[in-house]
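The residues making up each chain are set out below.
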Amino acid sequence: MDMVAKKYAKAIALRADAGEFYENLRLLTSAFTLSKFRIIVESAEVKKERKLELIQSFFEKLSPSFNNFLRILVENSRLSFVPQIVEELERQNAFKENIFLGVVYVSEKLDDESLRELEARLSAKFNVKVKLRMQIAQIDGVKIALEELGYELSFSMKTLQNKLSEFILKTI
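Values in this document were obtained by computation on a predicted structure and should not be read as measured data.

(A) Looking closely at the overall build of the protein chain. Per the secondary structure count, the protein chain includes eight helices and four strands. The N-to-C order of helical and strand elements in the protein chain reads α-α-α-α-α-α-β-α-β-β-β-α. The C-alpha atoms of the protein chain give 21 Å as radius of gyration, which overshoots the globular expectation for 172 residues (16 Å, by more than 25%). Burial analysis of the protein chain (172 residues in total) assigns 32% to the buried set. Put simply, of all contacts in the protein chain between residues at least 6 apart along the chain, 64% involve residues at least 24 apart. Carbon and sulfur atoms make up 54% of the accessible area of the protein chain, which totals about 11,900 Å². For the protein chain, the centre of its 27 positive side-chain charges and the centre of its 25 negative side-chain charges are spaced 3 Å apart.

(B) Broad picture of the environment of S107. Assignment of secondary structure puts S107 in the loop between β1 (99–106) and α7 (112–126). The exposure class of S107 is partly exposed, given its relative accessible area of 40%. Separated by 54 residues in sequence, S107 and E53 have C-alpha atoms that sit 39 Å apart. In this view, S107 contacts I136, A137, I139 and G141; residues no more than four positions away in its chain are not counted.

(C) Highlighting the sheet that holds strand β3 (residues 141–146). One open sheet holds the four strands; their spatial order is β2-β1-β3-β4, and the pairing between them is mixed. Either end of the sheet is taken by a strand with one partner, and the two such strands are β2 (129–136) and β4 (151–156). Going across the sheet, the axis of each strand differs from the next one's by a mean of 15°, ignoring polarity. Where β1 meets β2, eight bridges bridge the pair, whose relative direction is parallel. Bridge assignment links G102 to a residue of β2, and that residue is L132. Sheet strands in contact with α7 are β1, β2, β3 and β4, and its direction is about 140° off that of β2.

(D) Representation of the side chain of K51. With respect to the helices and strands, K51 occurs in helix α4 (residues 48–56). Nearest to the buried, unbridged K51 among oppositely charged side chains is E42, at 9.0 Å. In terms of polar contacts, K51 uses its side chain to reach the backbone carbonyl oxygen of S43, at 2.7 Å.

(E) Spotlight on the packing of aromatic side chains. Per the counting criterion, the structure on display carries eight aromatic pairs. Between F59 and F66, the ring centres sit 5.7 Å apart and the planes meet at 75°, which makes this aromatic pair edge-to-face. For the pair shown, F59 and F66 are each scored as buried. With centroids separated by 6.1 Å and ring planes inclined at 35°, the aromatic side chains of F66 and F69 adopt a geometry described as tilted. Here the residue F66 and the residue F69 both occupy positions in helix α5 (residues 64–75), the gap between them amounting to three residues, near one helical turn. Overall, the relative accessible area of 0% leaves F66 in the buried class. The class of F69 is buried, set by a relative accessible area of 9%. Site record: aromatic cluster; members linked through ring pairs are Y8, F21, F59, F66 and F69. A cation over a ring is seen here: K125 above F126, with NZ or CZ 5.8 Å from the ring centre. Against the face of Y105 rests K143, its NZ or CZ located 5.4 Å from the ring centre.

Cut-offs applied
- Residues numbered from 1 in each chain as written.
- Predicted model: local features only at pLDDT ≥ 70, side-chain atom pairs only at ≥ 80, totals over all residues.
- Heavy atoms only, no water.
- Helix = DSSP H or I, 4+ residues; strand = E, 2+ residues; numbered from the N terminus.
- Rg over C-alpha atoms; globule rule 2.2 N^0.38 Å.
- Buried < 20%, exposed > 50% of the residue type's maximum accessible area, 1.4 Å probe, protein only.
- Contact = heavy atoms within 4.5 Å.
- Areas by Shrake-Rupley, 256 points an atom, 1.4 Å probe, with all protein chains shown as cover.
- Lys, Arg positive; Asp, Glu negative; His and termini not counted.
- Charge placed at Lys NZ, Arg CZ, Asp CG, Glu CD.
- Pairing = 2+ DSSP bridges.
- Axes fitted to C-alpha atoms, helices over the stretch in contact; angles between N-to-C directions.
- Salt bridge = Lys/Arg side-chain N within 4 Å of Asp/Glu carboxyl O.
- Polar contact = N/O pair within 3.5 Å; in protein donor to acceptor, adjacent residues only side chain to side chain.
- Phe/Tyr/Trp six-rings, centres within 6.5 Å; stacked < 30°, edge-to-face > 60°.
- Lys NZ or Arg CZ within 6 Å of the ring centre and 35° of its normal.

Dropping the structure here:
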């Protein structure tokens, strides 16, 4: 996490309208999944005024304070930090509510029930509230990472097969 993003997130978290900023930035973060949008935002050839107009077009109505914030991001060429700012705001909010965020890396999407069961078991294990988000990755098995708790668990199908083979060989 970049220190610049942390500083912006900290400043936003102290505001009375932090919820509005968070929701607007979260909406803006979804645009960063589009490569064309990222190219425009990061391009030195596109004028800053045009970038600001593009971003303002995403919103029906903007408060003057959020509009000024966008202007500052554009003027300082820091629009690319928006996803990191949102991530840090989520982390700070979770910390306030004593929720620990984690990531489940899987090769195929888990159903919601399985994800909730994992959250419940980890919450019980650590005696805190755990909130997991799923990320599809090129792995053979499952990996759970709870960075703030210093916990990581990996379950590989290959390892399971090897242990099962060892067990069968020992019993023969």
